[in-house]
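Close look at the chain arrangement
So the chains spell out like this:
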Amino acid sequence: MRIPFTKMQGAGNDFVVLDETAGPLGLTAAQYRFLGDRHFGVGADQILGVRAAPTPDVDFEYVIHNGGDGGEVEHCGNGARCFVRFVRERGLTAKHSVRVKVKNGVLELTEGTDGRVTVDMGAPVFALEQVPFDPRELEPVPDGHWQVWPLPLEDNKGFAYVNTAQAAIANVAVLSMGNPHAVQIVADVDTAPVATQGPLIERHPAFPNRVNAGFLQIVDRGHVRLRVYERGAGETLACGTGACAAVVAGIRLGRLDPRVDVDTRGGRLTIAWAGGEHDPVLMIGPATTVFTGEIEVPQLP
């Protein structure tokens, strides 16, 4: 099967975008992994499938699959910005603002005159069962106007949910931005244990659907640095929902102002949140087309 594609990136978080407005291509998880492979495929953190509107109240639908494991995920902020740039560049819409259905809801996306895209990411979710997060015997520690969870990071095989002298502890703030996040504050993201703690947090038994692990360095109340180890993808150059989750966590913990510049390894995002549980999180950032092409996708189970 030979299919056309567009390679895009938002703050270094890169995507293969597929036009499925005429109908889903029916790709398997193995075929998504092939497209995401940086040696044999196109190479991407995620693959975005752009589809026709399923209901009259939205303009489009899109689905997101990891390039690393081929699994479908609920949300991707950087991908949402690339999505709106894609549909406008391809002439699929002339609107500057569009409503799009994703797995866990509807997003409002607006392309500005400066080329940056603002995404209404919806309100954060703090109810633990909706993240989902199952603390079992873990006990939260009050911090600022909120709390963090001391998460023991022993080998997850046979994990006992107890704090032991041998276990490393990650103090994480837990929330969902349409997908689950565990955010910890670190002194310096350059030396943070992303490669070692990231996989342990991602697959910790307290997160039944796994989790995105954020490592947040606070420079001042309006400026942070961030690295994120993403579910099914490993560390990426940027994570839009991760940036939103990190800023929301920092605000609730009393460390950040309502509007924050987030420096990722791939570029800068701006996140704004008024602080109320029902207030939407706004994300502003770039979206760029890298190249277009066609690729022969092998028949894979």
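Thresholds applied
- Residues numbered from 1 in each chain as written.
- Predicted model: local features only at pLDDT ≥ 70, side-chain atom pairs only at ≥ 80, totals over all residues.
- Heavy atoms only, no water.
- Core = buried A, V, L, I, M, F, W, Y, C linked by side-chain atoms within 4.5 Å.
- Buried < 20%, exposed > 50% of the residue type's maximum accessible area, 1.4 Å probe, protein only.
- Helix = DSSP H or I, 4+ residues; strand = E, 2+ residues; numbered from the N terminus.
- Contact = heavy atoms within 4.5 Å.
- Arc of directions from axis to C-beta.
- Disulfide = S-S within 2.5 Å.
- Salt bridge = Lys/Arg side-chain N within 4 Å of Asp/Glu carboxyl O.
- Phe/Tyr/Trp six-rings, centres within 6.5 Å; stacked < 30°, edge-to-face > 60°.

1. Comments concerning the nonpolar core
Of all hydrophobic cores here, the largest spans 56 residues; its most connected members are Y62, F83, L109, L175, V262, I271 and V281. The element contributing the most residues to this core is helix α4 (residues 240–252), with eight residues. Excluding residues that lie within four positions of it along the chain, V281 makes contacts with V119, D120, M121, G122, P124, M177, C244, V248, I271, A272 and W273. In this structure, A170, A182, V194 and F215 belong to the second largest nonpolar core, which totals 21 residues.

2. Remarks on helix α3 (residues 194–202)
Within α3, the full set of buried residues consists of V194, Q197, G198, I201 and E202. Along the axis of α3, the buried positions cluster into a sector of 130°, meaning they face one direction only. Across from the buried face of α3, at angles greater than 90 degrees, the exposed residues are A195 and T196. Residues of α3 that are buried in the fold lie against β10 (146–152), β11 (169–176), β12 (180–185), β13 (212–220), β14 (223–230) and β15 (234–236).

3. Describing the state of the cysteines
Scanning the entire structure with this criterion turns up zero disulfides. Note on C82: no disulfide assigned, nearest cysteine sulfur contributed by C76 at a separation of 7.9 Å.

4. Observations concerning the pattern of salt bridges
Across all of its chains, the model carries 26 salt bridges by this definition. A salt bridge links R136 to D134, with the shortest nitrogen-to-oxygen separation between them at 3.3 Å. One network of salt bridges, with partners in common, ties together K7, D14, R38 and D45.

5. Points about the environment of E202
Its location among the elements puts E202 in helix α3. As a C-alpha pair, E202 and R2 span 200 residues in sequence and 34 Å in three-dimensional space. Look past the residues within four positions of E202 in its chain and what remains in contact with it is R210, V211, Y229, E230, R231 and G232.

6. A look at the packing of aromatic side chains
The full count for this structure, using the stated rule, is seven aromatic pairs. Between F5 and F291, the aromatic rings sit 6.0 Å apart at their centres with planes inclined by 85°, giving edge-to-face as the arrangement. Separated by 286 residues along the polypeptide, F5 in strand β1 (residues 2–10) and F291 in strand β19 (residues 288–296) bring together distant segments of the chain. Its relative accessible area of 8% is what places F5 among the buried residues. Plain terms: the ring middles of Y62 and F83 are 4.9 Å apart, the flat faces sit at 20° to each other, and that makes the pair stacked. Placement of Y62 in strand β4 (residues 60–66) and of F83 in helix α2 (residues 77–89) is noted, with a sequence separation of 21 residues between them. In textbook terms, an aromatic cluster arises when at least three aromatic residues are bridged by ring pairs, as seen for F60, Y62 and F83.

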